[in-house]
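Structural description and commentary
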Amino acid sequence: MVGQVLEIHKITFYEDELPPEWLGHNKELHIIMQCEYYFITRILIDGGSSLNICPLVTLKKLGKRLHEIKDGKINVKAFNGSQWSTIGDISLCMQMGLTWFEVDFQVIDVPASYNLLLGRPWIHDAGL
């Protein structure tokens, strides 16, 4: 299905594809993408986020070092309303379907329930 996303520029779900107990759910959308040489699970798609976020722990799992993060500290507000300062930003090469994207992420050192968060910047770049 992911390969079809970029061709039609939308993601659709049909009721007959879901078990009856899932029809009323409103859970977040997580996907899997290739990031450079690794497959990353638990990537959260959040159209309400004005940033793409990469937790520091994910960056370390990708083998990236702190010196690869560009200085560009900003303050961001988390889902729970708390404020955090980012470490900086980094560009990562990500693949969805047959298309590769250079995605700019703000790196933040906080515990997260996701490995990457793709917000409006990526959604617009992908044409979704």
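Preceding this paragraph is the structure being described.
Predicted, not measured: the structure shown is a model, and the values here were computed from it.

So, how was this worked out
- Residues numbered from 1 in each chain as written.
- Predicted model: local features only at pLDDT ≥ 70, side-chain atom pairs only at ≥ 80, totals over all residues.
- Heavy atoms only, no water.
- Salt bridge = Lys/Arg side-chain N within 4 Å of Asp/Glu carboxyl O.
- Helix = DSSP H or I, 4+ residues; strand = E, 2+ residues; numbered from the N terminus.
- Buried < 20%, exposed > 50% of the residue type's maximum accessible area, 1.4 Å probe, protein only.
- Polar contact = N/O pair within 3.5 Å; in protein donor to acceptor, adjacent residues only side chain to side chain.
- Contact = heavy atoms within 4.5 Å.
- Phe/Tyr/Trp six-rings, centres within 6.5 Å; stacked < 30°, edge-to-face > 60°.

The next point concerns the pattern of salt bridges. Taken as a whole and assessed by the stated rule, the structure comprises 3 salt bridges. The salt bridge involving Glu 36 is made with Lys 64; its shortest N-O contact spans 2.9 Å. Taken together, the residues Glu 36 in the loop between strand S1 (29-35) and strand S2 (38-45) and Lys 64 in the loop between helix H2 (56-61) and strand S4 (75-77) connect sequence positions 28 residues apart. Using a relative accessible area of 23% as the deciding quantity, one classes Glu 36 as partly exposed. With a shortest N-O distance of 3.8 Å, Glu 68 and Lys 64 are connected by a salt bridge.

Moving on: the side chain of Asn 52. Looking at the element boundaries, Asn 52 is found in the loop between S2 and strand S3 (53-55). Take Asn 52: its relative accessible area is 6%, and that puts it in the buried class. Reaching out from Asn 52, the side chain makes a polar contact with the backbone oxygen of Asp 104 at a distance of 3.1 Å. Leaving out residues up to four positions away in the same chain, Asn 52 has contacts with Val 103, Asp 104, Phe 105, Gln 106, Leu 117, Leu 118, Gly 119, Pro 121 and Trp 122.

The next thing to look at is the packing of aromatic side chains. Applying the stated criterion across every chain yields a total of 1 aromatic pair. Between the aromatic rings of Phe 101 and Trp 122, the centroid separation amounts to 5.9 Å while the plane-to-plane angle is 70 degrees, which identifies the pairing as edge-to-face. Here Trp 122 lies in helix H3 (residues 120-126) and Phe 101 lies in strand S7 (residues 99-108), a separation of 21 residues in the sequence. Classification of Trp 122 as buried rests on a relative accessible area of 2%.

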